[in-house]
Amino acid sequence: MMNIVDRFKKRFPSISFEFKEGNFEECVNYLKKNQVDVSFGLDCEFKDDSQIISQTLYQFE
């Protein structure tokens, strides 16, 4: 993961970011409070929350 971060920083030096960890509920709260712009997780369902737009990036077979 850090290799991706390093490459991103070299390509876009004016963009800063920070990693936050949390369980599902904490990450939802970070999003709702605008403490983060994006969240990644496994098996998370936002279908009952109209405030959050979700997109499946990969599905295990």
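Our subject is the structure that appears above.
Residues numbered from 1 in each chain as written. Predicted model: local features only at pLDDT ≥ 70, side-chain atom pairs only at ≥ 80, totals over all residues. Heavy atoms only, no water.

Regarding the overall build of the protein
Now for step 1: Within the protein, the regular secondary structure consists of two helices and zero strands.
Now for step 2: Radius of gyration (C-alpha) of the protein: 14 Å, far over the 10 Å computed for a compact globule of 61 residues.
Now for step 3: With respect to the principal axes defined by its C-alpha atoms, the protein has extents near 40 × 35 × 20 Å.
Now for step 4: Across the 61 residues that make up the protein, the buried fraction comes to 15%.
Now for step 5: Here the protein has roughly 6,300 Å² of accessible surface; of this, 49% comes from carbon and sulfur atoms. (Helix = DSSP H or I, 4+ residues; strand = E, 2+ residues; numbered from the N terminus. Rg over C-alpha atoms; globule rule 2.2 N^0.38 Å. Buried < 20%, exposed > 50% of the residue type's maximum accessible area, 1.4 Å probe, protein only. Areas by Shrake-Rupley, 256 points an atom, 1.4 Å probe, with all protein chains shown as cover.)

Examining a nonpolar patch on the surface
Now for step 1: Together, Met2, Phe8, Phe12, Ile15, Phe17 and Phe19 make up an exposed nonpolar region whose accessible area comes to about 570 Å².
Now for step 2: Turning to its location among the elements, Phe17 is positioned in the loop between helix 1 (2–11) and helix 2 (24–32).
Now for step 3: Given a relative accessible area of 37%, Phe17 falls into the partly exposed group. (Patch = residues over 30% accessible without salt bridge, like charges linked within 9 Å, V, L, I, M, F, W, Y side chains within 5 Å. Salt bridge = Lys/Arg side-chain N within 4 Å of Asp/Glu carboxyl O.)

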